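# Examination of the molecular architecture
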Amino acid sequence: MNKPAELTVIHKTNDRLAYVDRVSGNVGLGAKRLTLAAWRALLAFDLTGAQQLVAQLRTLVVTRPLQQQLICQQADLIAAAIALLKDDMEDAMRLAGRVAEGEQTEEMARVTSVLLRFGAWSRRNWEYFEAATCLCPCSLIDGRQALPTVLTLIIEAAAEMKRCRFISAHRLASDALRFAARLKSGRAMATTGAITVMAAILYEQGEVDEADKLLRRHLELFSQSACADAAVTAYETLLRIAMSRCQWAVAATFQRDVVALGNARSWSRLTALGYAAGIEGQCLMGAATQAAVSATRLRRLWEEESISLLRTAIASRLRESEIRLSLLANPPTQLASDIESHLRDLTERGEVQQTFGMAMLLVEALDKTGASHIAQTVLLDYVRAGMQRGMFQTFVMTSPVVHENLSQIYNDVLGTLDDQAQLRPFLASLIARTRKFLLAKAGSGDLFTEAVITARERDILLRMSQGYSNKKIAKELGIGPETVKSHAKRIYFKLGVSSRIEAVTQAADLSLI
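These notes cover the structure that comes with them. (Residues numbered from 1 in each chain as written. Predicted model: local features only at pLDDT ≥ 70, side-chain atom pairs only at ≥ 80, totals over all residues. Heavy atoms only, no water.)

## A closer look at helix H18 (residues 352-368)
- Its 17 residues give H18 an end-to-end C-alpha distance of 25 Å, which sits within 8% of 24 Å, the value for a rise of 1.5 Å per residue.
- Buried residues dominate H18, accounting for twelve of its 17 residues.
- Of all the residues in H18, the buried ones are Gln 353, Thr 355, Phe 356, Met 358, Ala 359, Met 360, Leu 361, Leu 362, Val 363, Glu 364, Ala 365 and Leu 366.
- At the exit of H18 stands Gly 370, carrying a positive phi of roughly 90°. (Helix = DSSP H or I, 4+ residues; strand = E, 2+ residues; numbered from the N terminus. Expected span 1.5 Å × (residues − 1). Buried < 20%, exposed > 50% of the residue type's maximum accessible area, 1.4 Å probe, protein only.)

## With respect to unusual backbone geometry
- In this structure, Cys 164 is a non-glycine residue whose phi angle is positive, near 60°.
- Here Cys 164 shows up in the loop between helix H7 (143-162) and helix H8 (166-180).
- Located in the positive-phi region is Cys 246, a residue other than glycine, with phi close to 60°.
- Here Cys 246 is to be found in the loop between helix H12 (228-244) and helix H13 (248-265).

## Side note on the nonpolar core
- Residues Tyr 235, Leu 270 and Val 383 are the most contacted members of the largest nonpolar core, which totals 135 residues.
- One finds Ile 460, Leu 461, Val 484 and Tyr 492 within the second-largest nonpolar core, a separate group that totals 14 residues. (Core = buried A, V, L, I, M, F, W, Y, C linked by side-chain atoms within 4.5 Å.)

## So, the packing of aromatic side chains
- Across all of its chains, the model carries five aromatic pairs by this definition.
- Between Phe 118 and Trp 121, the ring centres sit 5.7 Å apart and the planes meet at 50°, which makes this aromatic pair tilted. Of the two residues, Phe 118 and Trp 121 are both situated in helix H5 (residues 106-122); the distance of three residues between them amounts to about one turn of the helix.
- Take Phe 118: its relative accessible area is 16%, and that puts it in the buried class.
- According to the relative accessible area criterion, Trp 121 is buried, its value standing at 5%.
- For the pair Phe 395 and Phe 426, a centre-to-centre distance of 6.4 Å together with 90° between the ring planes defines the contact as edge-to-face. Of this pair, Phe 395 sits in helix H20 (residues 393-396) while Phe 426 sits in helix H22 (residues 420-442), placing them 31 residues apart in sequence. For the pair Phe 395 and Phe 426, one class covers both residues: buried.
- By the ring-pair criterion, three or more aromatic residues cluster together here, those being Phe 356, Tyr 382, Phe 392, Phe 395 and Phe 426.
- The aromatic ring of Tyr 468 is capped on one face by Lys 472, whose charged end is 4.3 Å from the ring centroid. (Phe/Tyr/Trp six-rings, centres within 6.5 Å; stacked < 30°, edge-to-face > 60°. Lys NZ or Arg CZ within 6 Å of the ring centre and 35° of its normal.)

## Quick notes on the pattern of salt bridges
- A full pass over the atoms with the stated rule returns 23 salt bridges.
- Salt-bridge contacts for Asp 87 lead to Arg 269; the nearest nitrogen and oxygen are separated by 2.8 Å. Placement of the pair is Asp 87 in the loop between helix H3 (65-85) and helix H4 (89-100) and Arg 269 in helix H14 (residues 268-284), with a sequence separation of 182 residues. Each member of the pair Asp 87 and Arg 269 is classed as buried.
- Of the charged contacts, one joins Arg 490 and Glu 457 as a salt bridge, the two residues approaching to 3.5 Å between their closest N and O atoms. Remark: Glu 457 occurs in helix H23 (residues 455-465) and Arg 490 occurs in helix H25 (residues 481-495); sequence separation between them is 33 residues.
- For Arg 490, a relative accessible area of 38% puts it in the partly exposed group.
- Members of the salt-bridge network, linked through shared partners, are Asp 209, Asp 212, Arg 216 and Arg 245. (Salt bridge = Lys/Arg side-chain N within 4 Å of Asp/Glu carboxyl O.)

This is the structure in C-alpha cells:
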C-alpha cells in the first residue's frame, strides 16, 4: 500500500503552530471570488462548474510569490475535493499531499486535514489517520470552521465504526448529525455522511428498523448529494436490511438501482457492491447459476478498473463472492486455507468489521470439510469478540451450519467456560436471531430446532407465561411437580435468569415462546 505524502504542513514556533497570517494570505478580491464560487459549486455537487472555476483560478497571475503559491494551493485543494467526490482517492491524496507540503492559512489547513484523513481512512491507515489530525482550533460558531468541524466528526465516527468501537462511533455520529442540521453551506454533504455512519452502526447493533427508517427518509440524498463512500455504505446497509428480513424482491430492486447509479456516476465501487450483493442474496437462496453470472460481471468490472485503490476494493468483493460460490457446492479442502489467507489480508488492511463476516464463512468451510471441532473454536472466539464490541447482525445472516454450531456451543460447551455468565444471554440472543432468519428464509416452521430449550421446557414456559402454578403445569402435562421444578431450574440456568418472571420475559424476547 502506497503511503500518501508526509505531513509537512505543521511549522512549529515555540511548540505552537504557525500558519500564514491573514494579511500575508490575502490573495486579492478576484481570487477570493473564484475560490468561493468554486467551493459553492462543489458543495452543490456541480463538479463540472467547480472544475471550470478551478481552471480560471490557475490562470490568475499575482505579483507576490506567496500569494501565487496560495492561489495554486487553493486550486489544488478544490481539485482534490472534486477528485474525492469522483471516487478517485489516489488523485485526491496526491493533490492534498501537495498542498500539505507548503504554507497554508488556518482555513486551508482544516480542509487539507479533512481530505488527508478521509484518504487515510479509505486506506485503513490508522497511524497516518492520527498524524493528519488538524491541530488548529475548530468551532461550530465560526462559519468558516463549521463544515470542516462536522466533517471531522463524521470521519472520526466512520473510523471508530470500522474499528468496531460502536459506542464512541455512535456518540460522534449523533453529534455530527445534530450539528449538520445547523450548517448554512454543505448541509447535504454533511447530513448524508452522518446518516450513513449512524445507520450502519444501528444495523450492526441489531436496531434494524431504526436504521431502515433513517436511510429511507433520506434516500433521495444518496443518489443526488453524496460522495461515493457515503453511497456505498448507505446502500450496503439497505441491502443487508432487506436480505436479513428475507425481502428478496426489495433487495433485488435495490441491487439493480445500485448498479445503475454506479454506472451513471462512474462509481465502480458502487457497481461492485451491486454485483456482490446480488451474489450474496443468490447464494443464500441457493441460486448457484445466477450467482455465477453475477460473479463473471464482477470479475469483468475488476479487470477494467485502472485505479489501484479501487481495484483493491473490488478485488476484495470478488474474492468474498467466489468463496460464497465455492461453499454452495462441495467445497475443496483447501478452501478453509484460502479463507484464512483472506482473513489475514483483511486484518492487515484494518478491515476489522469485515473480518467477522468472513469468519462466518470460515466456520462453514471448516464444518463442511470435516473440521467441525476447529469450526466451533473459531466461532467461539469471534462470538466473544463480537460480544465485547456489541455486534449482532454479522452473526445473524448466516447459514444453518453456523446456527447449528452456535447451538452446539450453547448446549455442550457453554457450561464448561469460565465466562459462561457473560456469554449465555448474548449467545442465546444470537441463536434466536439466526433461527428467525433461517425460518423466514425457509418460509416455514420446519427449521425449528431445540437449540436453546427442549420441547418439554417450551411447554412449561408457555404455561408459566399463562400464570400456571407448578402443580397445575404438572397436572396438564401428566408429570410430577418435582419434575416441573427440575425443568424450571434447567430453564433458568439456560436463560441466565433466577425467577419465573425473568424466564418468561427472556423467552419472549428471544422468540422462544
